[in-house]
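# Structure at a glance
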Amino acid sequence: MSCQSQPGGHVIGFGATKRSDKWWVAPLLTVLYIGVALGYGTWAAFQGDHYQAGPYLSPLYSPTLFLDPNAVGTAGGIFGHVWFGEFPKWWLEASWATFFPPSPALLILPLPGVLRFTCYYYRKAYYRSFGFTPPGCSVQGLRRGKYRGETGLFIFQNIHRYALYIALVYNGILFFDAAMSLWHPDLGLGIGVGSVVLFVNASLLAAYSFGCHSFRHLFGGRLDCFTCDAPSKIQHGTWRFSTWFNERHMQIAWTSLGFVMFTDLYIRSVSHGWIPDLNTWGVSLSAAGLGG
Ligand code: FES
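Quick look at the structure, then. (Residues numbered from 1 in each chain as written. Predicted model: local features only at pLDDT ≥ 70, side-chain atom pairs only at ≥ 80, totals over all residues.)

### Here we look at the overall build of the protein
So the rule is basically this: Where helices and strands are cited, they refer to DSSP runs of H or I of at least four residues and of E of at least two residues respectively, numbered from the N terminus. Here the C-beta atoms are placed from the backbone, and a residue counts as buried if at least 20 other C-beta atoms lie within 10 Å of its own, exposed if 12 or fewer do, and partly exposed otherwise. Once C-beta atoms are placed from the backbone, any two residues with those atoms within 7 Å are in contact.
Looking only at helices and strands, the protein features ten helices and four strands. The helix and strand sequence of the protein, counted from the amino end, reads α-β-β-α-α-α-α-α-β-β-α-α-α-α. In terms of overall dimensions, the protein has a C-alpha envelope of 70 × 55 × 40 Å along the principal axes. Counting across all 292 residues of the protein, residues that qualify as buried make up 30%. Excluding contacts between residues fewer than 6 apart, the proportion of contacts in the protein whose partners are at least 24 apart in sequence is 63%.

Now the structure itself:
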């Protein structure tokens, strides 16, 4: 292909490049992966039921702020995880509730969603894959007006550090849920495959937070000297801890995103009775098996 060059050696035209490798594979996979994850997450959030199986609570529904008393496989009964009781009647009885159901996930997912959307790594991924600005290194992207970075339309990206602070609270709640999954109110202490899934999920999401650039700045930034006194040495240690995760932030971002969807799917499947959960209690944890 003959290409017209411009100063700097770049070629002109959308998608034009002198690269001979398959540069388009990464953005294509990104679109597919994010599309599947978003599609599943949206579907699961709008279900409003079967998000609990025995002591296992789906991370997409935690914390469960309100409960729909008519939904099956929810966070009520002896495994109650509900913070504020039932959804208000005006929502439960609204005509539009068919399309916008009283689902606890719809109340809490926007917050971790903001963390992902404003994540420094995801910005790179979706600016390339969805925005084509540009789609890859040395690949001509869409022509835009004057470049203003994230000082214009995307200035909201600066709320990222606050989204992280909230996410750290979520991380604690998810570990609490995982610990609670070891306790059956009638049968006592035990463990099942679902507990392991919940612990892995909480660990991956914590690893994602630990590698956040804002986390690294929070614990390692604002220092002129890492070794001047005891507090600065401790801070240096946390900075190095965060750096380990930060260097793997992309991999952890993808793994944790996929695993949180898998965790919901696992618990949903057990609650529906589609698959059994192997556990030391030796009982079925499906909603039907629990009588509700
Ligand atoms: Fe990715 Fe903060 S979560 S940079």
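Having put the structure on the table, let's press on.
### A short note on the packing of helix 7 (residues 193-210) against helix 10 (residues 249-272)
Convention followed: Convention adopted: a line fitted to C-alpha atoms gives each axis, helices being fitted over their contacting stretch, and angles between N-to-C directions are expressed from 0 to 180 degrees. When an angle is under 35 degrees it counts as roughly parallel; over 145 it counts as roughly antiparallel; between 65 and 115 it counts as roughly perpendicular; any other value is oblique. Here a crossing is called left-handed whenever its near helix is offset anticlockwise from the far helix by less than a right angle, and right-handed whenever the offset is clockwise. Charged residues are taken to be Asp, Glu, Lys and Arg, nonpolar residues to be Ala, Val, Leu, Ile, Met, Phe, Trp, Tyr, Cys and Pro, and polar residues to be all remaining types, Gly included.
Look at helix 7 against helix 10: their axes get within 9 Å of each other, and the N-to-C directions meet at 155°. It follows from the interaxial angle that helix 7 and helix 10 lie roughly antiparallel. In this structure, helix 7 crosses over helix 10, and the sense of that crossing is left-handed. Of helix 10, the residues touching helix 7 (which contributes G194, V197, L198, V200, N201, L204, L205, A207 and Y208) are I252, A253, T255, S256, F259, V260, T263, Y266, I267 and V270. Tallied by class, the residues present in the contact of helix 7 with helix 10 amount to 14 nonpolar, five polar and no charged.

### Examining helix 6 (residues 160-180)
Selection criterion: Take the residue count of a helix, subtract one, and multiply by 1.5 Å to get its expected span. This arc is built from the directions going out from the helix axis to the C-beta atoms.
Its 21 residues give helix 6 an end-to-end C-alpha distance of 30 Å, which sits within 8% of 30 Å, the value for a rise of 1.5 Å per residue. Residues A163, L164, A167, Y170, L174, D177 and A178 constitute the buried set of helix 6. Viewed along the axis of helix 6, the buried residues span an arc of 120°, placing them on a single side of the element. Pointing more than 90 degrees away from the buried face of helix 6 are the exposed residues V169 and G172. Of the surrounding elements, those touching the buried residues of helix 6 are strand 2 (56-57), helix 4 (110-118), helix 7 and helix 8 (213-220).

### A short note on helix 8
Along helix 8, the residues that are buried comprise S214, F215, R216 and G220. In this fold, the buried residues of helix 8 make contact with helix 6, helix 7 and helix 9 (230-246). Once helix 8 ends, the next one or two residues include R222, with phi positive near 65°.

### Here's the deal with unusual backbone geometry
A cis amide bond links S62 to the next residue, P63, at an omega of 0°. For P63, the location among the structural elements is in the loop between strand 2 and helix 2 (89-92). Backbone torsion omega between T133 and P134 reads -10°, so that peptide bond is classified as cis. Mapped onto the elements, P134 comes out in the loop between helix 5 (120-129) and helix 6. One non-glycine residue, F132, adopts positive backbone phi at about 55°. Looking at where F132 falls in the secondary structure, it is placed in the loop between helix 5 and helix 6.

### A look at the environment of Q140
Turning to its location among the elements, Q140 is positioned in the loop between helix 5 and helix 6. On the neighbour-count criterion, Q140 (19 C-beta atoms within 10 Å) is partly exposed. Separated by 128 residues in the primary sequence, Q140 and I12 place their C-alpha atoms 6.6 Å from one another.

### Observations concerning the packing of helix 1 (residues 25-47) against helix 10
With their axes 10 Å apart at the nearest point, helix 1 and helix 10 run at an angle of 35° to one another. By crossing handedness, the relation of helix 1 to helix 10 is classed as left-handed. Residues Y33, A37, Y40, G41 and A44 of helix 1 lie in contact with helix 10, whose contacting residues are W254, L257, G258, M261, D264 and R268. For the contact of helix 1 with helix 10, a count of residues per class yields seven nonpolar, two polar and two charged.

### Side note on the environment of L204
As for its position among the elements, L204 is in helix 7. For the pair formed by L204 and I252, sequence separation is 48 residues and the distance between their alpha carbons is 7.0 Å.

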